[in-house]
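Structural description and commentary
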Amino acid sequence: MSRIAECFNRLAGHKALIPFITAGDPNPKLTVELMHGLVDGGADIIELGVPFSDPMADGPVIQRASERALKHHVSLAQVLDMVATFRLENTYTPVVLMGYLNPVCAMGFQRFAERAAACGVDGVLTVDCPPEEADELTGALVAAGLDPIFLVAPTTPPDRVARIGQLARGYVYYVSLKGVTGAGHLDIAEVTGKIAALRESITVPIGVGFGIRDAETARALSGTADAIVVGSRLVQEIEAAEPQAAKQRLARLVAELKSAIR
Amino acid sequence: MQQYDLPDASGHFGAYGGIFVAETLMAALEELKAEYARAKADPAFWAEYRHELAHYVGRPSPVYHARRWSEALGGAQIYLKREDLNHTGAHKVNNTIGQALLARRMGKKRVIAETGAGQHGVASATVAARYGMECVVYMGSEDIKRQSPNVYRMKLLGATVVPVESGSRTLKDALNEAMRDWVTNVDSTFYILGTAAGPHPYPMMVRDFQRVIGEECKVQMPELIGRQPDVVVACVGGGSNAIGLFHPYIDVPDVRIVGVEAGGEGLQGVRHAAPLSAGTPGVLHGFRGYLMQDADGQIMETHSVSAGLDYPGVGPEHCYLKDIGRAEYTAVDDDEALRAFHDCCRLEGIIPALESSHALAWAAKAAPAMGRDQVILVNLSGRGDKDINTIAGLSGISL
Ligand SMILES: Cc1ncc(COP(=O)(O)O)c(C=O)c1O
């Protein structure tokens, strides 16, 4: 069983909290520390952003995180090394890489999948690679024992949802709004209704994210979703903190969110 | 040669093209694809498009024999396809008319666009005014500085110009920002993409709307010289003016096809914008194609004296034409382009766009080695009025 499936099993119906941070933000030396901080606060799964020069699906907060990381020339290879270092102390918290396709293309799908698996990565979400174009990448990931994670959007028609349901492993990531990460116009009733409808064709757990900024929203959505993804809000915390205080502040915020969804 | 009929149903030109966007946009692209397929099969759609091109844009644009320049070079005869004479001053309007008509068919009242040189922004603002649509144009703050006349033109036309401060603050970042707007306002908004790149169906659609350039040339050249030219040449940024000229010539076997990229400060360094000449394949802005990228797959900052060519990618059809060898791609540097710019001004009384000056520079280099009875047809994709501040600045003159 994959580490992600094990994690949901262990939760036995309790809701998962999935914090997102960008690898290398604010600097590459801090990332592994921050990951441990997320776990200290109660993170069930970590989504680790792979910085990219052109983060088309991200709002200003995560764009800035990417830019900070790229000032330090953080590469995909380095991100994999960070996960390997994290695994020296933590063998149970699943790590999902979230990013854009081009750095993965540049490394080569096969080579990426093998190295990621060897470093202890569990799932991969490439935002700009819809299922139609994903065959080769998905094949390489699955062969290496990694879970390909797909997005479902408010605009996704039912036949595509069904198709994504067939390909998805680990969990499906439901994008809670039409917009970029960190936008602020999420409609709880609408999202709740959508997630319920997704259950008809999706058997893996459903996480929801994009625009969840506070404990209250997290709690409201955890009624229907299996997992809550929080990104921009945490990245803002990193942005606002002195580097040495970032770990503690992240842990505190994660704990607050986690207790809201329990 | 086999019948050339690309892209395939999923938008691929061989290994290039496709749809690489976040899930939220997939349905919008499906809808666009379906509506464009209906429009494409609808004679009334093309009748209106042609009517607009004739009466609003002023097509057909003439082909002009640059006699004095050809004489001075002492070789091949240079002919210019005068896209600079179009309303708004460049080829871009051929495409914005087509896409705006499509937006209207789809009931979209708000259009957005990205722009580098500002020509596509102006052409989008123009058609938005013409058809009564709201228009928002994203433009890198770097480009806003170097193309200020066009910024003001867009504002006069009623568009909102949004400065983009992320990344390198040029065309690629404007495109990212336009995509972000589209994802957010996907129900109300039509994205008028300005070049033959982006996710399917844009590369095909933009090509279809720019093909009029080459189609006219195919009729005009025999009228002028009794045959087709030996070479057709165009500058390549994202590739729309070039594919517009090239596409009708792909299955004309004896016509050599040359695309000219921006060599910037030279291909040996990194300060250029020539992905076909010096890049590698990758995925950016919704499609697979040649890119300027580093070993980690990060997109590099590009450099060109011309804002419209300052883009790290290139449309998928050009990538394919390069790989199969039907078209050649090469680069000329800033200095060569500037020399051609000035020669064209002085010898022909035409102020060319800096983008187009790259194609002119290639012709000026190639002509002397060719026979006097040979013919190079250059796509003069736009006029250079927008560039006079840049040119003056390079000569230390402030206007
Ligand atoms: C006059 C002119 N020519 C060429 C270009 C380059 O674009 P494309 O390669 O799509 O023709 C531009 C872009 O702004 C332009 O303004």
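For the structure itself, look to the data block above.
Quick look at the structure, then. (Residues numbered from 1 in each chain as written. Chains lettered and ligands numbered in written order. Predicted model: local features only at pLDDT ≥ 70, side-chain atom pairs only at ≥ 80, totals over all residues. Heavy atoms only, no water.)

1. Some thoughts on the overall build of chain A
- Each helix and strand counted, chain A has 12 helices and 9 strands in total.
- Against the globule reference of 18 Å for 262 residues, chain A gives a C-alpha radius of gyration of 17 Å, in line with a compact fold.
- Summarising its shape, the C-alpha atoms of chain A cover approximately 45 × 40 × 35 Å along the three principal directions.
- Buried residues in chain A amount to 63% of all 262 residues.
- A fraction of 73% describes how many contacts in chain A between residues 6 or more apart in sequence connect residues 24 or more apart.
- With an accessible surface of roughly 9700 Å², chain A has 50% of that area assigned to carbon and sulfur atoms.
- Counting 24 positive and 30 negative side-chain charges, chain A places the averaged centre of each group 4 Å from the other. (Helix = DSSP H or I, 4+ residues; strand = E, 2+ residues; numbered from the N terminus. Rg over C-alpha atoms; globule rule 2.2 N^0.38 Å. Buried < 20%, exposed > 50% of the residue type's maximum accessible area, 1.4 Å probe, protein only. Contact = heavy atoms within 4.5 Å. Areas by Shrake-Rupley, 256 points an atom, 1.4 Å probe, with all protein chains shown as cover. Lys, Arg positive; Asp, Glu negative; His and termini not counted. Charge placed at Lys NZ, Arg CZ, Asp CG, Glu CD.)

2. Describing the pairing of strand β10 (residues 256-262) of chain B
Residue and element names in this part refer to chain B.
- Of all 7 residues that make up β10, 6 are buried, and the element is covered over most of its length.
- Bridge count for strand β9 (residues 231-235) against β10 is 5 bridges, and the pairing is parallel. Bridge pairing links C235 to V260 in β10.
- The handedness of the β9 to β10 crossover, carried by helix α11 (residues 240-246), is right-handed. (Pairing = 2+ DSSP bridges. Right-handed = clockwise from strand over helix to strand, strands pointing away.)

3. Observations regarding the interface of chain A and chain B
- In this complex, chain A contributes 38 residues to the contact, which on the side of chain B involves 35 residues.
- Contact between chain A and chain B buries roughly 2700 Å² in total, counting both sides, with carbon and sulfur atoms accounting for 53%.
- Looking only at chain A, the three residues that lose the most surface to chain B are D54, M56 and E133 of chain A, adding up to 25% of its buried area.
- Between the two partners, chain A and chain B, sit 3 salt bridges.
- One salt bridge in this structure joins K178 of chain A and D187 of chain B, with 2.7 Å as the shortest N-O distance.
- Inspection of the region where chain A meets chain B yields 19 residue pairs in polar contact (both at pLDDT 80 or more).
- Mapped onto the side of chain A that touches chain B, the elements with two or more residues apiece are α3 (60-71), α5 (101-107), β6 (150-152) and α8 (158-167) of chain A.
- It is α5 of chain A that contributes the most residues to the side of chain A that touches chain B, 5 residues altogether.
- A per-class count over the side of chain A that touches chain B returns 22 nonpolar, 8 polar and 8 charged. (Buried area = accessible area lost by both parts, 1.4 Å probe. Salt bridge = Lys/Arg side-chain N within 4 Å of Asp/Glu carboxyl O. Polar contact = N/O pair within 3.5 Å; in protein donor to acceptor, adjacent residues only side chain to side chain. Nonpolar A, V, L, I, M, F, W, Y, C, P; charged D, E, K, R; others polar.)

4. Concerning the sheet that holds strand β14 (residues 375-380) of chain B
All names here are of chain B.
- The strand order β3-β4-β14-β9-β10-β13 describes an open sheet built from 6 strands, whose pairing is mixed. Pairing within the sheet leaves two strands with one partner each, and these edge strands are β3 (63-65) and β13 (328-332). Along the sheet, successive strands turn relative to each other by an average axial angle of 25 degrees, direction set aside.
- Here β10 pairs with β13 via 5 bridges, running parallel. In the strand pairing of β13, E261 is matched with A331.
- Its contacts with the sheet put helix α15 (residues 354-366) on β4 (77-82), β9, β10, β13 and β14, and the angle it makes with β14 is roughly 170 degrees. (Axes fitted to C-alpha atoms, helices over the stretch in contact; angles between N-to-C directions.)

5. Considering the site of the ligand
Residue and element names in this part refer to chain B.
- As a structural note, the neighbourhood of the ligand is formed by 18 residues, with T195, G237, G239, S240 and S381 the closest of them.
- One nitrogen or oxygen atom from the side chain of T195 is found 2.5 Å from an oxygen atom belonging to the ligand.
- When the ligand is considered free in solution it has 390 Å² of accessible area, and contact with the protein chains removes 97% of it. (Near = heavy atom within 4 Å.)

6. Focus: the sheet that holds strand β8 (residues 189-191) of chain B
Residues and elements named next belong to chain B.
- Taken together, the 4 strands give an open sheet; going across it, the order is β7-β6-β5-β8, and neighbouring strands pair in parallel fashion. Both outer strands of the open sheet, β7 (160-164) and β8, are each paired with one neighbouring strand and no more. Ignoring strand direction, the axes of neighbouring strands in this sheet form an average angle of 25 degrees.
- Most of the contacts of helix α5 (residues 119-131) go to strand β5 (residues 110-115), to which it runs at about 165 degrees, and overall it touches β5 and β6 (134-140).

7. What about the packing of helix α2 (residues 31-41) of chain A against helix α12 (residues 243-261) of chain A?
All names here are of chain A.
- Relative orientation of the contacting elements α2 and α12 amounts to 30 degrees, with a least axis distance of 7 Å. Here α2 lies roughly parallel to α12, going by the angle between them. The handedness of the crossing between α2 and α12 is right-handed. Facing E33, L34, H36, G37, L38, D40 and G41 of α2, the residues of α12 in contact are A246, K247, L250, A251, V254, A255 and K258.
- Of the residues that constitute the contact of α2 with α12, the class distribution is 7 nonpolar, 3 polar and 4 charged. (Parallel < 35°, antiparallel > 145°, perpendicular 65-115°, else oblique. Left-handed = near helix turned anticlockwise from the far one by under 90°.)

8. Focus: the packing of aromatic side chains
Residues and elements named next belong to chain B.
- The tally for this structure, following the rule as stated, stands at 14 aromatic pairs over all chains.
- On the basis of an interplanar angle of 40 degrees and a centroid distance of 5.5 Å, the ring pair of Y49 and F209 is categorised as tilted. Residue Y49 is found in helix α2 (residues 43-57), and its partner F209 is found in helix α9 (residues 202-210); the two are separated by 160 residues along the sequence.
- Y49 gets classed as buried once you look at its relative accessible area, which sits at 4%.
- Taking relative accessible area as the criterion, F209 reaches 0% and is therefore assigned buried.
- Aromatic ring contacts, followed pair by pair, group Y36, F45, W46, Y49 and F209 into a single cluster.
- Note that R130 overlies the ring of Y56, its terminal NZ or CZ placed 5.5 Å from the centroid.
- Between the NZ or CZ atom of K322 and the centre of the ring of Y290, over which it lies, the distance is 5.4 Å. (Phe/Tyr/Trp six-rings, centres within 6.5 Å; stacked < 30°, edge-to-face > 60°. Lys NZ or Arg CZ within 6 Å of the ring centre and 35° of its normal.)

9. Things to note about the pairing of strand β12 (residues 287-291) of chain B
- Counting buried positions along β12 of chain B gives 4 out of 5 residues, so the element sits mostly inside the fold.
- Here strand β11 (residues 280-284) of chain B folds back onto β12 of chain B, and the loop between the two strands holds 2 residues, one of which, H285 of chain B, carries a positive phi near 55 degrees.

10. With respect to α2 of chain B
Residue and element names in this part refer to chain B.
- Spanning 15 residues, α2 covers 20 Å between terminal C-alpha atoms, matching the ideal 21 Å at 1.5 Å per step.
- Those residues of α2 lying buried are F45, W46, Y49, E52, L53 and V57. For α2, the angular spread of buried residues about the axis comes to 120 degrees, placing them on one side. Along α2, exposed side chains directed more than 90 degrees from the buried face belong to P43, R50 and H55.
- Packed against the buried residues of α2 are α1 (23-40), α4 (92-105), α5, α9 and α10 (212-225).
- For α2, the capping residue at the N-terminal end is D42, with a side-chain oxygen 2.9 Å from the backbone nitrogen of A44.
- Looking one or two residues past α2, G58 carries a phi angle of roughly 95 degrees, positive in sign. (Expected span 1.5 Å × (residues − 1). Arc of directions from axis to C-beta.)

11. Things to note about the nonpolar core
- Judged by nonpolar contacts, the single largest core of 107 residues is most densely connected at L48, L97, F112, V208 and I228 of chain A.
- Among residues more than four places away in sequence, those in contact with F112 of chain A are L76, L80, L97, V104, M107, V124 and L141 of chain A.
- Ranked by size, the runner-up nonpolar core spans 62 residues in total, among them L53, A123, F190 and V212 of chain B. (Core = buried A, V, L, I, M, F, W, Y, C linked by side-chain atoms within 4.5 Å.)

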